[in-house]
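Structural description and commentary
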Amino acid sequence: MTLILPTPEGALQPYALTGTPLVPRAPQVPLTRTAFAAAHVVSDPLAERNPWTGRPAVDWDTTLSFRQELWDQGLGLAEAMDTAQRGMGVDWDTALELIQRTMAAARTHPLSPRVACGAGTDHVALGALNTAGEILSAYEHQAEAIEAAGGQLILMASRAFPTIGAGPDTYHDVYRTLIDGASEPVILHWLGDMFDPALKGYWGSTDVAAASDFVLSLIAENPGKVDGIKISLLDQAHEESFRARLPDGVRLYTGDDFNYADLIAGDGTHFSHALLGIFAAIAPAASQALEALAMGDMGRYHALFAPTVPLSREIFRAPTQFYKAGIAFLAWLNGAQSHFVMPGGFQSSRDICHYAQVFRLADQAGLLLDPDLAKERMITLLTLHGVDQ
């Protein structure tokens, strides 16, 4: 069946599916890159009340089932991160319950997946975080809860630092204590302001070179307690330069949803691991591309990843912070959830022309796993937007 889809310009054009769906499966060999997929949270629309002002109602069974599917394909999980709408519909109490439930499920999974969890300061109002001590105390509260659940710490970027105009000394005081006090090596988190405008000037400088020098010096003070750093600046050249300066044994986890294929492949001397929101949407392609990389089959690696890059660039296009809607949209199209409702009504953050383009690009990348179901659900969404078939 041919669909009538809106174009980015707002016109209507016929579209016939052409992709060959990938089949999700476990890798046949150990992967040579650590790959965390940052997963979203599935709402329970029948239990949701006051979606703009209240706590989100979570469909726990479906949320955890989605994570099981990622683990079944050999991917690790970055839990309760930006992709899970931290600070954009999901509060700390919900995030903690998510972490606790996820860690319990991970312990029983046959592949023993790696799970790292986001510790931040979002349970305290920004107006109450005015000093290094107050920010540190907020971080420690969440870090202790995550470690008690058995999770590895990702020290999420906190809006509290830019809000008070913190300089490098404030960042150093807080991060030095957190890194040194963690029970196991932590993952640092550098999220650019394209993902969250409130993070502009992170590490105490709007100059990326100066910020890079600072965080590299922070890591160098105790590299044994830093597993790695996730960088999400959408700047391939910066990431390549930065990772070449890291101490031995400290990983660069790319958060670059535009350039991940080349960054993970590497330049022959250095390469990036992955901590990516897009991996939750393209899991079969990501898993099988990483398998090909581990087997030395670079042709297949690039063939699998190449068509996912335009898809990722569309999902993460500006305003980038709304990318979570595309992740949940694909989960709905692929039957991982029965509805397209997000915490806080976040599905309304993108328009129908965007969703139509995501549909096209997902098809072309082989990521509409059940084309008939995907078409049926796309027709429902189109009809709601006045695009009759």
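See the structure above.
How each quantity is defined
Residues numbered from 1 in each chain as written. Predicted model: local features only at pLDDT ≥ 70, side-chain atom pairs only at ≥ 80, totals over all residues. Heavy atoms only, no water. Helix = DSSP H or I, 4+ residues; strand = E, 2+ residues; numbered from the N terminus. Buried < 20%, exposed > 50% of the residue type's maximum accessible area, 1.4 Å probe, protein only. Expected span 1.5 Å × (residues − 1). 1 Å grid on protein atoms, 1.4 Å probe; cavity = no way out; pocket = protein on both sides within 12 Å on 5 of 7 lines; lining within 4 Å. Points joined across faces, edges and corners; volume = space filled by probe spheres on them. Contact = heavy atoms within 4.5 Å. Salt bridge = Lys/Arg side-chain N within 4 Å of Asp/Glu carboxyl O. Axes fitted to C-alpha atoms, helices over the stretch in contact; angles between N-to-C directions. Parallel < 35°, antiparallel > 145°, perpendicular 65-115°, else oblique. Nonpolar A, V, L, I, M, F, W, Y, C, P; charged D, E, K, R; others polar. Pairing = 2+ DSSP bridges. Right-handed = clockwise from strand over helix to strand, strands pointing away.

1. Let's talk about unusual backbone geometry
For residues besides glycine, phi is generally negative; the peptide bonds are generally trans as well. That bond from Ala318 to Pro319 is cis: its omega, -5 degrees, falls within 30 degrees of zero. With respect to the helices, strands and loops of the structure, Pro319 is situated in the loop between helix 12 (308-315) and helix 13 (324-333). Unusually for a residue other than glycine, Gln85 sits at a positive phi of about 65 degrees. You can see Gln85 is positioned in the loop between strand 4 (76-79) and helix 2 (92-107). On the basis of relative accessibility, which here comes to 1%, the residue Gln85 falls in the buried class.

2. Considerations on helix 5 (residues 168-181)
For helix 5, built from 14 residues, the straight-helix expectation of 20 Å at 1.5 Å per residue is met to within 8% by its first-to-last C-alpha distance of 20 Å. Buried within helix 5 are the following residues: Tyr171, Val174, Tyr175, Arg176, Leu178 and Ile179.

3. Quick word on empty space enclosed by the protein
In total, this model carries one cavity of 30 Å³ or more according to the counting rule given. One number sums up the size of the largest cavity: a volume of about 100 Å³. Taken together, 16 residues form the lining of the largest cavity, with Asp82, Thr83, Lys230, Gly277 and Tyr323 sitting closest to its centre. Counting residues per element, the ones that place at least two in the lining of the largest cavity are strand 7 (186-191), strand 8 (226-232) and strand 10 (273-276).

4. Thoughts on the environment of Ala80
Following the sequence through the fold, Ala80 ends up in the loop between strand 4 and helix 2. Residue Ala80 is classed as buried on the basis of its relative accessible area of 0%. Remark: the alpha-carbon pair of Ala80 and Leu96, spanning 16 residues in sequence, is separated by 7.9 Å. Here Ala80 is in contact with Arg86, Ala95, Leu98, Ile99, Gly118 and Met156, once residues within four sequence places are set aside.

5. What about the pattern of salt bridges?
Within the structure shown, the criterion is met by 17 salt bridges. When the shortest N-O distance is used, the salt bridge between Arg243 and Asp267 registers 3.8 Å. Taken together, the residues span a long stretch of sequence, with Arg243 in helix 7 (residues 236-243) and Asp267 in the loop between helix 8 (260-265) and strand 10 at a distance of 24 residues. For Arg243, a relative accessible area of 4% gives the class buried. With a shortest N-O distance of 3.5 Å, Asp351 and Arg317 are connected by a salt bridge. With a gap of 34 residues between them, Asp351 in the loop between helix 13 and helix 14 (352-364) and Arg317 in the loop between helix 12 and helix 13 connect regions that are remote in the sequence. According to the relative accessible area criterion, Asp351 is partly exposed, its value standing at 38%. Assessed through its relative accessible area of 26%, Arg317 is described here as partly exposed. What you see here is one network of salt bridges that share partners, running through Arg114, Asp227 and Arg251.

6. Topic: the packing of helix 14 against helix 15 (residues 371-384)
Contact geometry of helix 14 with helix 15 gives a least axis separation of 11 Å together with a crossing angle of 170 degrees. With respect to helix 15, the element helix 14 is oriented roughly antiparallel. Between helix 14 and helix 15, the residues in contact are Ile352, Tyr355, Ala356 and Phe359 and Ala374, Lys375, Met378, Leu381 and Leu382, respectively. Each residue belonging to the contact of helix 14 with helix 15 can be placed in one class, and the counts come to eight nonpolar, no polar and one charged.

7. Section: the pairing of strand 10
Judged by which residues are buried, strand 10 turns out to be covered on both faces: His273 and Leu275 on one side and Ala274 and Leu276 on the other are all buried. The sheet contact formed by strand 3 (residues 35-38) and strand 10 spans three bridges and is parallel. Opposite Phe36, over in strand 10, you have Leu275 as the bridge partner. Judged from the two bridges that link them, strand 9 (residues 251-254) and strand 10 form a sheet pairing that is parallel. Bridge pairing in strand 10 places Thr254 opposite Ala274. Considered for its hand, the β-α-β crossover made up of strand 9, helix 8 and strand 10 is right-handed.

Bear in mind that shape data such as this cannot, by itself, settle questions of function.
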